[in-house]
Amino acid sequence: MDILIQNLLNALQWGSFYALIALGYTLVYGVLLLINFAHGDIFMVGAYIAFFVATFFLGLLDLAPWMVLALTVPLTMVLTAGVGVTIERIAYRPLRRKGAHRLYVVITALMCGLILENGNLALLGASRKKFPELLDKVVYTFGNISVTNLKVIVIFAAIAVFLLLQFIVTKTKIGMAMRGISYDKFAIPLMGIPIDSVIVFTFILGSGMAGLAGMLFAMSYPILEPYMGALIGWKAFIAAVVGGIGDIRGAFIGGFLLGFIEVGVVAVFPSTFRDLFAFSILLVILWMKPTGIFGVAKTTKI
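Figured I'd write up the structure that's included with this text. The numbering scheme is per chain: residues are counted from 1 as the chain's sequence reads. A pLDDT threshold of at least 70 governs which residues receive local features in this predicted model, and a stricter bar of 80 or more applies before side-chain atom pairs are shown or counted, although totals over entire chains, interfaces and linings include all residues. In computing side-chain properties, one takes all heavy atoms of the structure into account and sets aside hydrogens as well as water.

Right, let's talk about the overall build of the protein chain for a bit. Looking only at helices and strands, the protein chain features 10 helices and 4 strands. In this text, helices come from DSSP runs of H or I with a minimum length of four residues, and strands from runs of E with a minimum of two, each type numbered from the N-terminal end. When its helices and strands are written in sequence order, the protein chain yields α-α-α-α-β-β-β-α-α-α-β-α-α-α. The globule rule is 2.2 Å times the number of residues to the power 0.38, and the radius of gyration it is compared with is taken over C-alpha atoms. The C-alpha radius of gyration of the protein chain comes to 19 Å, within 12% of the 19 Å expected for a compact globule of 302 residues. Projected onto its principal axes, the C-alpha positions of the protein chain cover 60 × 50 × 35 Å. The cut-offs for exposure are 20% and 50% of the maximum accessible area for each residue type, with area from a 1.4 Å probe on protein chains only; residues under the lower value are buried, those over the upper are exposed, and the others partly exposed. Residue burial in the protein chain is summarised as follows: out of 302 residues, 46% are buried. Each accessible area is a Shrake-Rupley result for a 1.4 Å probe, and residues are judged covered by the shown protein chains and nothing else. Put simply, the protein chain shows about 15400 Å² of open surface, and 72% of that area lies on carbon and sulfur atoms.

Spelled out as structure tokens, the structure:
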């Protein structure tokens, strides 16, 4: 029983990372019907931004670690959101205004991800960087079960972000505009709603969450390298699809579902079987329900 609870806590932590990234995927898709394949690399950029911001405050200003943490979280989210908005402005908006086919937008998204990866490699080199320790590690022990304070923070951060997004999308005017664009993007401008502003706000939310996830991941596993966002980004995308991409609840549940499956497989089988079993199970779920757990089939009028 203790082993089961310990694995459950580990799965909640991994699922939190997947959920935070998957929420960014599903936000952009819900508004633009665009798969932002650069999102995993924005997660990587967020981790590096957090590294440089924390190093700056620790080295030059010589602040206490808790003060550095309090300053690094909002700055990382803001700067990472700026990266996401820049990509939207330079890469996606010109294609959208010219009415480019969705395939070309997807290819552009893949290209942006490669630019972020290889640009990081060219600027900073291939050497890995160690994230500074900003939080004193505290281990809570309950019998044979142990959990760190950072693991608790990661799990509660994912839940808080989900609740905040759910509130924004369902209870605010900007959230209503986001849902309106996903329903009929041609009618929304006729109602006086600035569609570009709503899209920019969507990228701010999605990229800011990727930045937060990148920082939390770097604090949990403090080794940074340029390709760290590739695999976890793809897994988070698959989690969003399984949950029902375009639905916030689906991204949240899908992220935790993938985390539970991966940790469960590793607990029973060798770790080399993790991705094989995890993706096979997710494939079966999509085979049974192609729209995902919370997804709804849409009809297209011709």
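A word on the environment of Ala-240. Residue placement: Ala-240 occurs in helix H8 (residues 228–243). As for Ala-240 and Leu-258, which are separated by 18 residues in sequence, their C-alpha atoms are 9.7 Å apart.

We now examine the side chain of Ser-16. Tracing the sequence through the fold places Ser-16 in helix H1 (residues 2–32). Here the side chain of Ser-16 touches Leu-12 through a polar contact of 2.6 Å, landing on its backbone oxygen. Two N or O atoms count as a polar contact when they lie within 3.5 Å, although within protein this holds only if one can serve as hydrogen donor and the other as acceptor, and sequence-adjacent residues are included solely when both atoms are side-chain atoms.

Centre distance within 6.5 Å is the pairing criterion for rings of Phe, Tyr and Trp, where only the six-membered ring of Trp is used; planes under 30 degrees apart are then read as stacked, over 60 as edge-to-face, and the remainder as tilted. Summed over all chains, the structure comprises 19 aromatic pairs. With 5.8 Å between their ring centres and 40 degrees between their planes, Tyr-92 and Phe-203 make a pair best called tilted. Here Phe-203 lies in helix H7 (residues 195–220) and Tyr-92 lies in helix H3 (residues 65–97), a separation of 111 residues in the sequence. Look at Phe-217 and Tyr-221: their rings are 5.2 Å apart centre to centre, the planes differ by 45 degrees, and that puts the pair in the tilted class. Classification of Tyr-221 by relative accessible area gives partly exposed; the value is 32%. The rings of Trp-14, Phe-17, Tyr-18, Phe-43, Phe-217 and Tyr-221 are connected pair by pair, giving a single aromatic cluster.

What follows deals with the environment of Gly-206. Within the secondary structure, Gly-206 is located in helix H7. Residue Gly-206 is classed as buried on the basis of its relative accessible area, which comes to 2%. Between the C-alpha atom of Gly-206 and that of Leu-282, which follows or precedes it by 76 residues, the distance is 24 Å. Residue contacts follow a heavy-atom distance rule, with two residues in contact if any of their heavy atoms lie within 4.5 Å. Ignoring sequence-local partners within four residues, the contact set of Gly-206 consists of Gly-24, Leu-27 and His-39.

Its place among the elements puts Val-73 in helix H3. Under the relative-accessibility criterion, Val-73 is labelled partly exposed at 27%. It is 24 Å that separates the C-alpha atoms of Val-73 and Gly-119, two residues lying 46 residues apart in sequence. If near-sequence neighbours (up to four positions away) are discounted, Val-73 is found in contact with Leu-212 and Met-215.

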